[in-house]
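# Coordinates in review
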Amino acid sequence: MPRPVPARPPALRAPAAFRAPAVRRAPAVLCALAVLLAPALTACGGGVHGTPGGSGLRDPYFPKAGNGGYDVSHYDLKLAYDPSGAHRLTGTVTITARATQNLSAFDLDLKGLNVDEVTVEGERARWNHTGQELVVRPHEDLRDEETFRVTVRYSGSPVTITDPDDSEEGWLRTADGALALGEPTGSMAWFPGNDHPSDKASYDIAVTVPKGLQAVSNGELTGETSSGGRTTFTWHTAEPMATYLATLAVGHFDISRYTIGSKHLPVYVAVDPTQTEASRNVLAKLPEIIEWEETNFGPYPFSSTGVIVDRPDDAGYALETQNRPVFPGAPDTGTLVHELAHQWYGDSVTPKSWQDMWLNEGFATYAEWLWDEDHGGDTCQQTFESRYEDGGKDIWAYPPAKPSGAAHISDSPVYERGAMVLHKIRQTVGDDTFYDIIQGWAAAHRHGSADTGDFTAYVEKKAPDKDFKEIWKDWLYGEGKPDHP
């Protein structure tokens with residue numbers, strides 16, 4: 001990510017209120033021509049009269065997450081980080097987006113960092129930064145469907161965000177660097193963006209760190225250059241990625257690079273040296289797991305794969321960051337199966353809102369059940385029965401499609417009862433149709449976003465002779481423990 005950039009001169013630094021830049025004036029002849037050609041326009045500086053985009057997308061559980069009025073297609077991040085001293089991060093992000101309305105202003109999500117300068121289409125823009133909302137007012141209003149670029153220079157000491165469930169995300173300091181994790185709203189701790197799973201984009205991420213450290217991110221490593229005691233690592237993610245799936249790990253890593261399968265899928269594995277030996281055997285299964293998941297879920301949806309294994313104390317959970325899941329210490333086989341299955345369900349097919357988390361976690365949990373079934377463990381029916389009889393009250397605390405609050409979107413009902421919904425579908429349609437459904441679902445929404453209504457409609461379309469009303473009513477949306485099947 002970027003090298004440090006100089007601060008804006010004090011005279012140009014925006015205070016709490018908006019500061020307007022100099023106004024471009026259109027020549028008189030052009031103004032007169034505009035009046036003749038478009039009498040309805042009351043100004044000749046483009047003639048657009050926009051309204052502000054919304055701050056927040058009214059997500060059922062994180063209403064301030066994301067922003068309205070535009071859709072991002074690409075993030076170009078240039079960052080620099082030194083884990084010594086003040087742990088200062090400096091960054092420049094250029095966001096390419098398309099306006100979805102006439103825009104007079106729009107919001108970006110950014111928390112805990114200082115904004116130094118904002119430009120839109122190369123011209124200084126007015127801005128105001130309060131809490132997690134960076135409000136940008138372009139020099140001229142943007143037209144509906146207009147593609148534009150906004151560049152933000154920022155700096156500071158990134159913050160760790162505590163989620164409603166008390167887990168930590170955002171920027172996590174580690175023993176030798178840092179780890180950036182974003183589910184559900186942590187990406188705003190290290191770059192400005194439209195921080196909601198419904199808006200996906202491609203990424204270029206260049207990270208400059210002191211020489212001797214490494215910087216690992218999503219996608220493919222496209223460059224590594226050293227100069228003046230610092231090294232820049234450049235990563236490219238071509239396929240659309242939600243902000244919460246972006247990651248950055250800075251530290252010392254043992255790196256393994258190889259290809260797998262007939263298509264020579266690139267693999268990039270980064271393991272903290274303290275975890276190398278403990279991880280060796282399970283990570284050796286990665287090619288086998290990818291091949292097995294392709295057999296069950298369809299072609300691998302991205303241009304590379306791999307993992308990041310950091311120290312056990314660096315994060316309290318594993319996360320399905322795109323191309324390269326993150327693990328706190330050496331994973332077991334089930335967890336590796338789970339996070340790699342997310343590459344299909346969660347990363348390629350991303351939920352439209354955080355209410356649809358079961359479409360991520362129910363599928364990845366059922367992948368673990370299927371792996372056990374195919375590798376000498378319990379059958380999925382046995383696992384289902386075990387969860388039903390002995391799973392405890394937590395599984396039935398709320399229906400998987402209606403979590404009881406933001407603090408509970410990653411609780412047992414989303415995982416275990418979500419997987420039970422899939423097993424009920426399998427019982428109803430049989431194996432052949434079931435695999436058609438889960439493979440077809442991944443293919444139909446590849447690199448897109450979908451919600452629970454999309455999924456239930458898809459299942460009903462694929463098996464029109466079957467009745468799913470009881471499954472939806474009792475298992476997906478029903479309160480409490482359903483009657484035994």
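Keep in mind that this is a model prediction, so the values were computed, not measured.

## Observations concerning the overall build of the protein
Looking only at helices and strands, one finds 10 helices and 23 strands in the protein. Across its three principal axes, the protein shows a C-alpha extent of roughly 80 × 55 × 40 Å. Per-residue burial for the protein yields a buried fraction of 54% across its 485 residues. Total accessible area on the protein is roughly 19,500 Å²; 50% of this is exposed by carbon and sulfur atoms. Considering the protein, the positive charge centre built from 42 side chains and the negative charge centre built from 68 side chains are found 9 Å apart.

## Comments concerning the sheet that holds strand β7 (residues 126-130)
One open sheet holds the 4 strands; their spatial order is β1-β4-β8-β7, and the pairing between them is mixed. Of all the strands in the sheet, just β1 (51-52) and β7 have a single pairing partner and so form its edges. In terms of strand pairing, β7 meets strand β8 (residues 133-137) through 5 bridges, oriented antiparallel. Each residue of the ladder has a partner; that of T130, found in β8, is E133.

## Section: the pattern of salt bridges
For the structure on display, the rule yields 13 salt bridges. E145 is paired through a salt bridge with R98; the nearest N and O atoms lie 3.2 Å apart. Taken as a pair, E145 in the loop between β8 and β9 (147-156) and R98 in strand β3 (residues 89-99) lie far apart in primary sequence, 47 residues in all. Here D474 ties to K473 by a salt bridge, and the two come within 2.8 Å at their closest N and O atoms. We classify D474 as partly exposed; its relative accessible area is 24%. Salt bridges linked by common partners bring E117, R124 and R153 together as one network.

## Topic: helix α9 (residues 452-462)
Among the residues of α9, T452, F455, T456, Y458 and V459 are the ones counted as buried. Taken around the axis of α9, the buried residues stretch over an arc of 160°, which confines them to a single face. Those residues of α9 hidden inside the fold are in contact with α5 (358-374), α7 (412-429), α8 (431-444) and α10 (469-476). N-capping of α9 is provided by D451, with a side-chain oxygen placed 3.2 Å from the backbone N of G453.

## Thoughts on the sheet that holds strand β10 (residues 160-162)
Strands sit in the order β10-β11-β12-β17-β14 across an open sheet of 5 strands; the sheet is antiparallel. Of all the strands in the sheet, just β10 and β14 (214-217) have a single pairing partner and so form its edges. Sheet twist, expressed as the mean angle between neighbouring strand axes with direction ignored, is 15°.

## Points about the pairing of strand β15 (residues 220-227)
A regular strand carries its side chains on alternate faces of the sheet. One ladder, built from 7 bridges, connects β15 with strand β16 (residues 230-242); its direction is antiparallel. Within β16, the position partnered with S226 by the bridge is T231.

## Description of the environment of L108
Inspection of the secondary structure assignment puts L108 in strand β4 (residues 103-109). You can call L108 buried: its relative accessible area is 0%. Separated by 80 residues in sequence, L108 and M188 have C-alpha atoms that sit 8.7 Å apart. Residue contacts for L108: discarding those within four places in its chain leaves N67, Y70, I95, Q132, E133, L134, V136, V152, P192 and G193.

Here is what the cut-offs are and how they apply
Residues numbered from 1 in each chain as written. Predicted model: local features only at pLDDT ≥ 70, side-chain atom pairs only at ≥ 80, totals over all residues. Heavy atoms only, no water. Helix = DSSP H or I, 4+ residues; strand = E, 2+ residues; numbered from the N terminus. Buried < 20%, exposed > 50% of the residue type's maximum accessible area, 1.4 Å probe, protein only. Areas by Shrake-Rupley, 256 points an atom, 1.4 Å probe, with all protein chains shown as cover. Lys, Arg positive; Asp, Glu negative; His and termini not counted. Charge placed at Lys NZ, Arg CZ, Asp CG, Glu CD. Pairing = 2+ DSSP bridges. Salt bridge = Lys/Arg side-chain N within 4 Å of Asp/Glu carboxyl O. Arc of directions from axis to C-beta. Contact = heavy atoms within 4.5 Å. Polar contact = N/O pair within 3.5 Å; in protein donor to acceptor, adjacent residues only side chain to side chain. Axes fitted to C-alpha atoms, helices over the stretch in contact; angles between N-to-C directions.

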